[in-house]
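Residues per chain are reported as follows:
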Amino acid sequence: MTLTAPTTYKALTEEAAIELAKAIQAFDHTAHLTCREIGDGNLNYVFQIEEEATGKRLIIKQALPYAKVIGESWPLTLKRATIEANVLKKHGEFVPSLVPAVHATDEALAITVMEDLSHLEIAREGLINGRQFPRLSQDIGEYLAQTLFHTSDYGLHPFEKKRLAAEFSNPELCKITEDLIFTDPFFDVDTNDYEPQLQAAAEAIWNDRKLQLEVAKLKKSFLTEAEALLHGDLHTGSIFAGPAETKVIDPEFGFYGPIGFDVGLFLANLIFQTITREGEDRQEIVAHIEKTWEVFASSFTELWQTQSVESFKETEGYLEYVLGKVLADAVGFAGCELIRRTIGLAHVKDLDSIEDNDKRISFKKQALQTGRELILKREQTASIKDLVEILKEARI
Ligand code: SR1
Ligand code: MG
């Protein structure tokens, strides 16, 4: 459903969000509704509307014409709302139970009306608080395999694949990733943000010529390999999780890119938890890392064997080559994510919320060291166990 009026952009207030919810007949016009702005991300407003009498809820998400985390000095395209809604719908064709339902959109207002997920918890918050999400890796492994296979040349007619690649051209949001993940953290630029105790570690990265060459290669993959319709920002803050359910939200960075990027970002955000945890608690996350890859690889293999349209699908060694490259890329992209979330502009609560100063700094040094190792050793990573070994070796 597409809304019809109004047609010019105006930032919603809580009152206007209630009016809108009634206008699209999501609730009866006599319903008593309440509204809260609950967005905690970097970029958008998220209004949660509730009918007190029935407990029925829905979400109206609105993109702002600038990055909320920085302010009006960083203008940002409103088109990202349309990209996000369309990625949710496209991915929802393959994994309807793993993404929120989109009820309505309005391109001019840059809003998406969607399913409320407040019975679940943002995975990052839950993991930081030691919550167990037994389905997390199973569901994300499946999400990755289904969405990436079905939007790639392995699963689609080439005309449809190229049509989608054009539809999901997302230059402004890609530029943010190109700068914040692949460029700025590797140079001494003003937008980097790190604690003074990390000065020497940051300088070591800026002066590491070997590392820079490998990051340049990974950036090239991100820029040029239009392989599948990615989520584009698949960190644990983009996932709602609960004991029996997982939902992936927020694909406003969606575009056609290398499959390993989504895989790597998710793995990196689990890796932060392997850095801050010990013993059994750490092992639980290592198990999630292994299972994510195992589920992804086995589901992708099954889709390849049963649904691939690729003429070379039965050529010996080709699937293994494709999966091997996805793993190596994912390991490298994970390394970039670890580094950028530690000294770049946008951080993660997993590290920043550690109150003990020495511990926090030591964890951050470990994140930088792990990131470097993953980037440099990615081509030698033949299995997910090899990645786990790198994590172990990089522990300080
Ligand atoms: C200004 S945007 C900073 C970061 O927030 C988003 O969630 C992306 O991860 C982006 O890199
Ligand atoms: Mg986001």
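Everything discussed here concerns the structure shown above.
This text gives an overview of the structure that appears in the document. On a predicted model such as this, the values are computed, not experimentally measured, just so you know.

### Concerning the side chain of D184
Part 1 of the reasoning: Relative to the helices and strands, D184 is located in the loop between α6 (171-180) and α7 (199-206).
Part 2 of the reasoning: As a buried residue without a salt bridge, D184 has its nearest oppositely charged side chain in K175, at a separation of 7.2 Å.
Part 3 of the reasoning: Once residues lying within four places of it in the same chain are set aside, the contact partners of D184 are D179, V189, T191 and N192.

### Concerning the site of ligand 1
Part 1 of the reasoning: Around ligand 1 sit N42, L43, V69, W74, L180, D233, H235, F253, R340, R341 and A346, and those are all the residues in its vicinity.
Part 2 of the reasoning: A distance of 3.1 Å is found between an oxygen atom of ligand 1 and a side-chain nitrogen or oxygen belonging to R341.
Part 3 of the reasoning: Against a free-state accessible area of 320 Å², the protein chains account for coverage of 94% of ligand 1.
Part 4 of the reasoning: Looking at the shell around ligand 1 residue by residue, the class counts come to six nonpolar, two polar and three charged.

### A short note on the sheet that holds strand β1 (residues 33-37)
Part 1 of the reasoning: With antiparallel pairing, the five strands of this open sheet are ordered in space as β1-β2-β3-β7-β6. Either end of the sheet is taken by a strand with one partner, and the two such strands are β1 and β6 (102-106). Pairwise comparison of adjacent strand axes, ignoring direction, gives a mean angle of 20° for this sheet.
Part 2 of the reasoning: Examined bridge by bridge, β6 and strand β7 (residues 111-115) share four bridges and lie antiparallel to one another. By the bridge assignment, A104 is partnered in β7 with V113.
Part 3 of the reasoning: Helix-sheet contacts for helix α1 (residues 14-23) involve β1, β2 (44-51), β3 (57-63) and β7, and the interaxial angle to β1 is about 130°.

### Some thoughts on the packing of aromatic side chains
Part 1 of the reasoning: Summed over all chains, the structure comprises 16 aromatic pairs.
Part 2 of the reasoning: Their ring planes at 40° and their centres at 5.1 Å tell us that F182 and F222 sit as a pair that is tilted. With a gap of 40 residues between them, F182 in the loop between α6 and α7 and F222 in helix α8 (residues 209-224) connect regions that are remote in the sequence.
Part 3 of the reasoning: Given a relative accessible area of 2%, F222 falls into the buried group.
Part 4 of the reasoning: Seen from their ring centres, F182 and F333 are 5.8 Å apart, and the 80° between their planes marks the pair as edge-to-face. With a gap of 151 residues between them, F182 in the loop between α6 and α7 and F333 in helix α11 (residues 318-343) connect regions that are remote in the sequence.
Part 5 of the reasoning: A relative accessible area of 1% places F333 in the buried class.

### Some points on α11
Part 1 of the reasoning: Taking 1.5 Å per residue, 26 residues should reach 38 Å; α11 reaches 38 Å between its end C-alpha atoms and fits that length.
Part 2 of the reasoning: With 21 of 26 residues buried, α11 is to be regarded as a mostly interior element.

### Quick word on the pattern of salt bridges
Part 1 of the reasoning: Summed over all chains, the structure comprises 32 salt bridges.
Part 2 of the reasoning: For E160, the salt bridge is made with R163, and the minimal N-O distance between the two is 3.0 Å. Residue E160 and its partner R163 are both found in helix α5 (residues 158-167); the two are separated by three residues, about one turn of the helix.
Part 3 of the reasoning: We classify E160 as partly exposed; its relative accessible area is 27%.
Part 4 of the reasoning: Look at R163 and you get partly exposed, because its relative accessible area is 43%.
Part 5 of the reasoning: One salt-bridge network, held together by shared partners, links D208, R372, E373, K377 and E393.

Rules and cut-offs
Residues numbered from 1 in each chain as written. Chains lettered and ligands numbered in written order. Predicted model: local features only at pLDDT ≥ 70, side-chain atom pairs only at ≥ 80, totals over all residues. Heavy atoms only, no water. Helix = DSSP H or I, 4+ residues; strand = E, 2+ residues; numbered from the N terminus. Buried < 20%, exposed > 50% of the residue type's maximum accessible area, 1.4 Å probe, protein only. Lys, Arg positive; Asp, Glu negative; His and termini not counted. Salt bridge = Lys/Arg side-chain N within 4 Å of Asp/Glu carboxyl O. Contact = heavy atoms within 4.5 Å. Near = heavy atom within 4 Å. Polar contact = N/O pair within 3.5 Å; in protein donor to acceptor, adjacent residues only side chain to side chain. Areas by Shrake-Rupley, 256 points an atom, 1.4 Å probe, with all protein chains shown as cover. Nonpolar A, V, L, I, M, F, W, Y, C, P; charged D, E, K, R; others polar. Pairing = 2+ DSSP bridges. Axes fitted to C-alpha atoms, helices over the stretch in contact; angles between N-to-C directions. Phe/Tyr/Trp six-rings, centres within 6.5 Å; stacked < 30°, edge-to-face > 60°. Expected span 1.5 Å × (residues − 1).

Distances and angles like these do not, on their own, reveal function.
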